[in-house]
Each structure stands twice: as structure tokens, then as C-alpha cells.
Amino acid sequence: MNHHSVLLVVDVQNGFTPGGNLAVAHADHIIPTINQLAQQFTHVVLTQDWHPHNHISFVENHVGKQAYQQIELDYGTQVLWPSHCVQGTPDAELHPDLNIQHAQLIIRKGFNAQIDSYSAFQEADRKTKTGLAGYLKERDIQQVFVVGIATDFCVAWSAIDSAELGFTTYVVQDACQGIDLDGSLAQAWQAMLHAGVKRIQAVDVPTYLTQGDCA
Ligand SMILES: [Zn+2]
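Some words on the overall build of the chain
A count of helical and extended segments in the chain gives 5 helices and 8 strands. Over its C-alpha atoms the chain spans a radius of gyration of 16 Å, differing by no more than 12% from the 17 Å that the globule rule assigns to 215 residues. Once the C-alpha set of the chain is aligned to its principal axes, its extents read approximately 55 × 30 × 30 Å. Entry remark: accessible area of the chain is about 9,700 Å², with carbon and sulfur atoms responsible for 50%. The chain carries 10 positive and 22 negative side-chain charges, and their two centres are separated by 7 Å.

What follows is the structure, given as C-alpha cells:
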């Protein structure tokens, strides 16, 4: 156990797994790995995509647009997604196979109707903070290990923000599942590695946790 490390479990929800409104193929297959990894961490934080029904990222709220089309908003480019993870619906619930009873915090994100929030740290306007950075710093967390869905969106944006905030940041590749829209997965890995994020596999996590203890 390393008391200066956190496992950040991104959006392992019904909506992003098979049967969900924005299902990512095979995303349920990573859940046993995430459950096993969690046993190695004292500190676990979960995120939960948590949208109002009139959310700006939903294609249903834009007349004449297609799902997965990109549009330009005040804060930048936005992919239009099928309506997903609406507050209070089964689609927004954490996946029932996720079994991390000692998780200490659930960060809900995307609740602002006018701004999407892929990152666990800040909304897509790059200004509105979720408070997670302050929480981790007050808990003296130095290493952030990111897992979950989807590698090329919420995982990548969270990991890049984490690295830019000064946390030593790892993405556990085989505990993540990507969507890959037009090459977005390769682009996301390139951006993560450029930001200093380290790409590791689940089997390697104990080694990095030990290194963190010595630092
Ligand atoms: Zn969303």
C-alpha cells in the first residue's frame, strides 16, 4: 500500500458498458482488473458522468445534427453524443460489477447543462474546477493511477490534467477501454505521452507503487 497514491476510476457506469446508451464495446471486460487493482490502493476515487436531460453534449438537443458529429461551442470543439448518463437514471449508475467498497469519493461531472466535462479535474471550458485537485493535494497524494472508460476521452483528459497539475500520472492501459472515433485513440495516447503521462499495464502497478514509497 502506498499512502501517497490514488486509483482514479473513470466512468465505470451502465451507460458506457454493453446495454448502455453510449455503450463502449467490451468495456465491461476491464471491470475485474479494476476491482483487483483497487485492492492495492488505500485511496480510491470514482467518477460518475452525471448529466441533466438538456445537456449540451446530447445530439437530441441539437436539431439537424448527427450523433458523433463535432460542433464548435464557446469553449471549443464538442462531440455530440447520444443522450447518456442522465441524472437519476439506471444508465447513470455505477456498473453493478464494480466492487470497490473502500472508495472514498465519487466525483460527479457534466452536471452543468451548458458545459461538458470529460476530465475529473475541470469542465471542458478549462476553467470550472471540480475540486478534485484540491482534495488530492490536501490528502498528500502524489501519484495518480487512472483506469476506466473511455481511454480516448474521459480517461485521457483526466490523465493530462493530472500530469499538468504536477501529479506523477500513470494510465493503466489494460484497465481502460477506448471508443476510437476516427483515430481518436492514437491521438489521445500521443497527447497523454506528450503531457508526461506514463503508459503502464496492470501487472506493473505494484512496482510503481513501491517506487512511490521510496521517493
Ligand atoms: Zn457525458
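Here we look at the packing of helix α3 (residues 151–164) against helix α4 (residues 184–194)
It is the contact of α3 with α4, at a shortest axis distance of 9 Å, that shows an interaxial angle of 10 degrees. By the criterion of interaxial angle, the relationship of α3 to α4 is roughly parallel. The segment α3 lies against α4, with Thr151, Asp152, Phe153, Ala156, Ala159 and Ile160 engaging Ser184, Leu185, Ala188, Trp189, Ala191 and Met192.

Comments concerning the coordination of the zinc ion
Six octahedral donors around a metal ideally sit at 90 or 180 degrees from one another, while four tetrahedral donors ideally sit at 109.5 degrees. For the zinc ion, the full set of protein donor atoms is Asp49 (OD), His51 (NE2) and His84 (NE2), at a range of 2.0 to 2.1 Å. In the primary structure, the donors to the zinc ion are separated according to the pattern D-x1-H-x32-H.

A closer look at α3
Taken across its 14 residues, α3 has 12 buried, putting it largely inside the fold. Among all positions in α3, only Thr151, Asp152, Phe153, Cys154, Val155, Ala156, Ser158, Ala159, Ile160, Asp161, Ser162 and Ala163 are buried. Looking at the buried positions of α3, the neighbouring elements they touch are β1 (5–10), β4 (76–79), β5 (105–109), β6 (143–149), β7 (168–177) and α4. Among the residues trailing α3, Gly166 stands out with phi positive, at a value near 100 degrees.

Comments concerning the sheet that holds β5
The strand order across the open sheet formed by 6 strands is β5-β2-β1-β6-β7-β8, and the pairing between neighbours is parallel. Edge strands, defined here as strands with exactly one partner in the open sheet, are β5 and β8 (198–200). Across this sheet, the average inter-strand angle for adjacent strands is 25 degrees, counted without regard to direction. Pairing of β1 with β6, which is carried by 6 bridges, proceeds in the parallel orientation. Bridged to Val6 within β6 is Val144. The strands touched by α3 within the sheet are β1, β5, β6 and β7, with β6 carrying the most contacts at an inclination of about 170 degrees.

About the criteria used
- Residues numbered from 1 in each chain as written.
- Predicted model: local features only at pLDDT ≥ 70, side-chain atom pairs only at ≥ 80, totals over all residues.
- Heavy atoms only, no water.
- Helix = DSSP H or I, 4+ residues; strand = E, 2+ residues; numbered from the N terminus.
- Rg over C-alpha atoms; globule rule 2.2 N^0.38 Å.
- Areas by Shrake-Rupley, 256 points an atom, 1.4 Å probe, with all protein chains shown as cover.
- Lys, Arg positive; Asp, Glu negative; His and termini not counted.
- Charge placed at Lys NZ, Arg CZ, Asp CG, Glu CD.
- Axes fitted to C-alpha atoms, helices over the stretch in contact; angles between N-to-C directions.
- Parallel < 35°, antiparallel > 145°, perpendicular 65-115°, else oblique.
- Contact = heavy atoms within 4.5 Å.
- Donors = N, O, S within 2.8 Å, 3.2 Å for Na, K, Ca; no water.
- Buried < 20%, exposed > 50% of the residue type's maximum accessible area, 1.4 Å probe, protein only.
- Pairing = 2+ DSSP bridges.

Honestly, that's just the spatial picture; any functional story needs more than this.
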